[in-house]
Amino acid sequence: MMDERTILLVLPILVLQIALMIFALVDLVRNPNPNGPKWMWAAIIVLLNLIGPILYFVIGRRNY
Amino acid sequence: MNLVEVKSLSKRFGSEHAVDGIGFELAEGSATALIGPNGAGKTTTLSMLAGLLEATGGEIQRKKNLSIGFLPQYPRFFPWLSALEFTEMAAKLSGVDAKKARQQSERTLGFVGLHQVAHKKIGGFSGGMKQRLGLAQAIVHQPSLLLLDEPISSLDPTGRREVMELLKSLHGQTTVLYSTHILNDAEEMTDQLLFLQNGRLVEHGSLSEVRSRYEDPQIRIRFENADAAEGFVQQAPWPAVVKGTAAVIPVKAEGPAMQEVFRFLAVKNLPVVGVEQETASLEDIFLKVVAGK
Amino acid sequence: MKQFSALLLKEWRENLRNYKIFWIPVVFILLGITEPLSNYYLPQILDATGGLPEGAVIELPDPEPEQLMVAVMGQFQLIGMLVLVLAYMGSIAGERRNGTATLLYVRPLSYTSYFLSKWLMASAVSLFSVWAGFLAGYYYTAVLFSAVPFGEFVAFAATYSVWIVLVVTLVLFASASMPNAGLAAGLTLAALLVLQLIHSLFGSRWEWSPLRLPNYAASFLDIGPDANALAWTLVISLACLIILAATGIWFAKRNRAKTKV
């Protein structure tokens, strides 16, 4: 089922989602004062696809 | 020449009178210390002068086009800006041209000792660095009136001394009104004292005026031991009391002059350690003012 | 003007350094791609999950590309809108609450410049995100199904853009008038919901209503909206925008005393 065309089509989504996740994780590591424990936010970012990083940026980041 | 004249200024929050009909003037180039216990209305007064709060009564007459610099007690910064970016923005918002804003920012950051971290994000600054940056943003546009809310109270002794020296170097060029509860520091730089208590101005005047109103001058003679002090009190021709190993003579109008005390001591040959004329510190006066009202 | 450019620079740095100009477009692009892609693979997905009885033949008609673009807009109306509201709810209320606004408000600040600098930056980021998302959806639809005529697509996205700017203005108005970011988001979402409800109950003939902007946008992909009705809607939308901005500026100034000193 995973032919070349499928991979090419789905790849951008994966790349963007992983980029967003890595972006959020790197920011979390560098954040001196997130809104809640870091391990919790790490779990949210990794486990909740798309919503996780959004939640982190909107609620967890706290503008440092 | 007065920069600001405050007349029966009041601020009510609901039924609470935070500031209750106070009046004073700020002469150009003068330094005024606003003193009072917590909750006396110092921050509210400064906020009204800075234009953040509207008064509910009375008025503030400012000199035309008066430019103001304000340092809150806990200045809060955008952590994602660098020190230089912040002071530059502050200068521009206060009407300084873009080109000058940059120069003045760099110079001001140098003045407060932050030139090495000028390009660092404020998010990583310590409390002392933020206080210095707070001072920098308050003076970067060279205001004619500087309002400082507890500028040194959150600092450690070294930082306190350094910031105090910075403030003293501004004294004379800029009119300064600052609140503080560290009275030793207020003694160092003040042309006018304003004592606030429960929103009222309970005492004001120059340091020497206030001092003369409240001080009880006394001569304290310290002896080697309490017996000697006791002996002195019995023999002396003036009313005196023993306090520990010392004898204390109040010297209001009728008390002896220092020379007479020396002459007496020279004759009696008592084991004296030291003689001093004591004046009330601002702290003593503060306690008396607070207790008296 | 000097103040406006200084404040705009600050807003730009904030959006850049808080990564809003990265993550908001990424969310919209993902929304834009997902819709056509999941439609394309729907038969396989149904097959793989095995929800159908043995031997059943799946015959799904290919969706029209126009339908897909409207579905993308539907995603923006729901998730996209929520993201924008959450991203900008604290623009003014948050600054006031954490006390960073104090050092701005003690200067001779033009509250018009203050509000408009935030409005311009939030609008720019939102529009960039919406267009990036629509273009991604347009491209995927064209590759997987067939292309929507590009002219119609542009008219569709442009009309929707007016709606987005109006929503951003509402968010900033709420942020200026409410005491904190949470209440600002609540006010915005409640206002949108209540207006939509009223609209669906009584508004069948309100052709000039700004709430119709998404419908008019969609109809550009179909037979095209009534030009006269659209023109009136745009005029009313502009009026709403100006009123919201003006009252937002008034609130921003009045609430300056609420900043933490």
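All residue numbers refer to position in the chain's written sequence, counted from 1. In the order they appear in the text, chains get letters beginning with A and ligands get numbers beginning with 1. Totals for whole chains, interfaces and linings use every residue, but because this is a predicted model, local features are given only for residues with pLDDT of at least 70 and side-chain atom pairs only at 80 or more, for both listing and counting. Calculated side-chain values reflect all of the structure's heavy atoms, with hydrogen atoms and water omitted.

A. Broad picture of the overall build of chain A. Assigned secondary structure in chain A consists of three helices and zero strands. Taken from the N to the C terminus, the helices and strands of chain A come in the order α-α-α. For a compact globule the rule gives 2.2 Å times the number of residues to the power 0.38, and the radius of gyration it is set against comes from C-alpha atoms. A globule of 64 residues ought to have a C-alpha radius of gyration of about 11 Å, yet chain A, at 14 Å, is considerably larger. Seen through its C-alpha atoms, chain A measures out along the principal axes to roughly 45 × 15 × 15 Å. Type-normalised accessible area, obtained with a 1.4 Å probe on protein chains alone, sets the label of each residue: buried when under 20%, exposed when over 50%, and partly exposed for intermediate values. Considering chain A as a whole, with its 64 residues, one finds that 36% of them fall into the buried category. Residue contacts are defined here by distance: any two heavy atoms, one from each residue, within 4.5 Å place the two residues in contact. Counting only contacts in chain A whose residues sit at least 6 apart along the sequence, the fraction spanning at least 24 positions is 57%. As presented, chain A carries roughly 3800 Å² of accessible surface, and 75% of it is formed by carbon and sulfur atoms. Each helix is a run of DSSP H or I of at least 4 residues and each strand a run of E of at least 2, with the numbering of both proceeding from the N terminus. What sets the accessible areas is the Shrake-Rupley method with a 1.4 Å probe; for residues, cover comes only from the shown protein chains.

B. Representation of the packing of helix 7 (residues 111-144) of chain C against helix 8 (residues 150-177) of chain C. All names here are of chain C. Note on method: axes are straight lines fitted to C-alpha atoms, helices fitted across the in-contact stretch only, with angles between N-to-C directions ranging 0 to 180 degrees. Running from N to C, helix 7 and helix 8 point in directions that differ by 145 degrees, and their axes come no closer than 9 Å. Note that helix 7 runs across helix 8; the crossing there is right-handed. Residues were grouped as follows: Ala, Val, Leu, Ile, Met, Phe, Trp, Tyr, Cys and Pro as nonpolar; Asp, Glu, Lys and Arg as charged; and all remaining residues, including Gly, as polar. Here the residues of the contact of helix 7 with helix 8 sort into 22 nonpolar, four polar and one charged. Handedness of a crossing follows from how the near helix is turned relative to the far one, being left-handed for an anticlockwise turn of less than a right angle and right-handed for a clockwise one.

C. Quick peek at the side chain of Ser105 of chain B. All names here are of chain B. Relative to the elements of secondary structure, Ser105 occurs in helix 3 (residues 98-111). By relative accessible area, which is 0% here, Ser105 ends up buried. Whenever a nitrogen or oxygen atom comes within 3.5 Å of another N or O atom, the pair is scored as a polar contact, on the condition that within protein one atom can donate a hydrogen and the other can accept it, and that pairs from neighbouring residues in sequence are kept only if both atoms are in side chains. Within the local environment of Ser105, its side chain forms a polar contact with the backbone oxygen of Ala101, the two atoms lying 2.6 Å apart.

D. View of the interface of chain C and chain A. At the junction of the two partners, chain C supplies 22 residues and chain A supplies 20 residues. Buried area is understood as the total, over both parts, of accessible area removed when two parts are fitted together, assessed with a 1.4 Å probe. Surface buried jointly by chain C and chain A totals about 2000 Å² across both partners, of which 75% is contributed by carbon and sulfur atoms. Of all residues in chain C, the largest losses of buried area upon contact with chain A belong to Tyr19, Trp23 and Leu30 of chain C, amounting jointly to 32% of the total for that side. Here a salt bridge means any side-chain nitrogen of Lys or Arg lying within 4 Å of a carboxyl oxygen belonging to Asp or Glu. Our count for the chain C to chain A interface comes out at zero salt bridges. Applying the counting rule to chain C against chain A returns five residue pairs in polar contact (both at pLDDT 80 or more). Residue assignment for the side of chain C that touches chain A shows that the elements contributing at least two residues are helix 1 (2-17), helix 2 (20-40), helix 4 (65-88) and helix 7 of chain C. Looking at the side of chain C that touches chain A, its residues break down into 17 nonpolar, three polar and two charged.

E. Just the layout of surface pockets, in detail. Residues and elements named next belong to chain B. Note on definitions: the grid is 1 Å and covers protein atoms alone; a cavity is a set of points where a 1.4 Å probe fits but cannot get out; a pocket is an open set with protein on both sides within 12 Å along at least five of seven lines; lining residues have an atom within 4 Å of a point. Grid points are joined across faces, edges and corners, and a volume is the space filled by probe spheres set on the points. Roughly 430 Å³ of volume is contained in the second largest pocket. Around the second largest pocket, the lining comprises 22 residues; the ones closest to its centre are Leu49, Ala50, Gly51, Arg62 and Ile68. Elements with a contribution of two residues or more to the lining of the second largest pocket: helix 1 (42-50) and strand 4 (57-62). With three residues, helix 1 is the single largest residue contributor to the lining of the second largest pocket.

F. Helix 8 of chain C, seen in detail. Over its 28 residues, helix 8 of chain C runs 41 Å from end to end, which matches the ideal 40 Å to within 8%, given 1.5 Å per residue. Burial within helix 8 of chain C is extensive, with 21 of its 28 residues counted as buried. For a helix, the expected span equals 1.5 Å multiplied by the residue count minus one.

G. Broad picture of the domain arrangement of chain B. All names here are of chain B. Parsing chain B into structural domains produces domain 1 (2-212) and domain 2 (215-292). Just so you know, the domain bounds were taken from an automatic or database domain assignment. Here domain 1 and domain 2 have C-alpha centroids that lie 41 Å from each other. Counting residues at the interface gives 16 residues for domain 1 and nine residues for domain 2. Summed over both partners, the interface of domain 1 with domain 2 comes to about 1100 Å²; 71% of that surface belongs to carbon and sulfur atoms.

H. Examining helix 1 of chain C more closely. Compared with an ideal rise of 1.5 Å per residue, which puts 16 residues at 22 Å, helix 1 of chain C spans 23 Å between its outermost C-alpha atoms and is within 8% of the ideal. Where the residues of helix 1 of chain C are buried, they touch helix 2 (83-93) of chain B together with helix 2, helix 4, helix 5 (93-98), helix 6 (102-105) and helix 7 of chain C. Once helix 1 of chain C finishes, Tyr19 of chain C follows within two positions and takes phi at roughly 65 degrees, a positive value.

I. Fine view of the interface of chain C and chain B. Listed per partner, the contact involves 27 residues of chain C and 30 residues of chain B. A buried area of about 2600 Å², summed over both sides, lies between chain C and chain B, and 64% of it is on carbon and sulfur atoms. Ranking the residues of chain C by area buried against chain B places Leu103, Arg107 and Val261 of chain C at the top, with a combined share of 28%. Here chain C is connected to chain B by four salt bridges. Notably, a salt bridge pairs Asp97 of chain B with Lys2 of chain C, separated by 3.7 Å at the nearest N-O pair. Our count for the contact surface shared by chain C and chain B stands at ten residue pairs in polar contact (both at pLDDT 80 or more). Secondary-structure elements contributing two or more residues to the side of chain C that touches chain B are helix 1, helix 5 and helix 6 of chain C. Top contributing element to the side of chain C that touches chain B by residue count: helix 1 of chain C, with nine residues.

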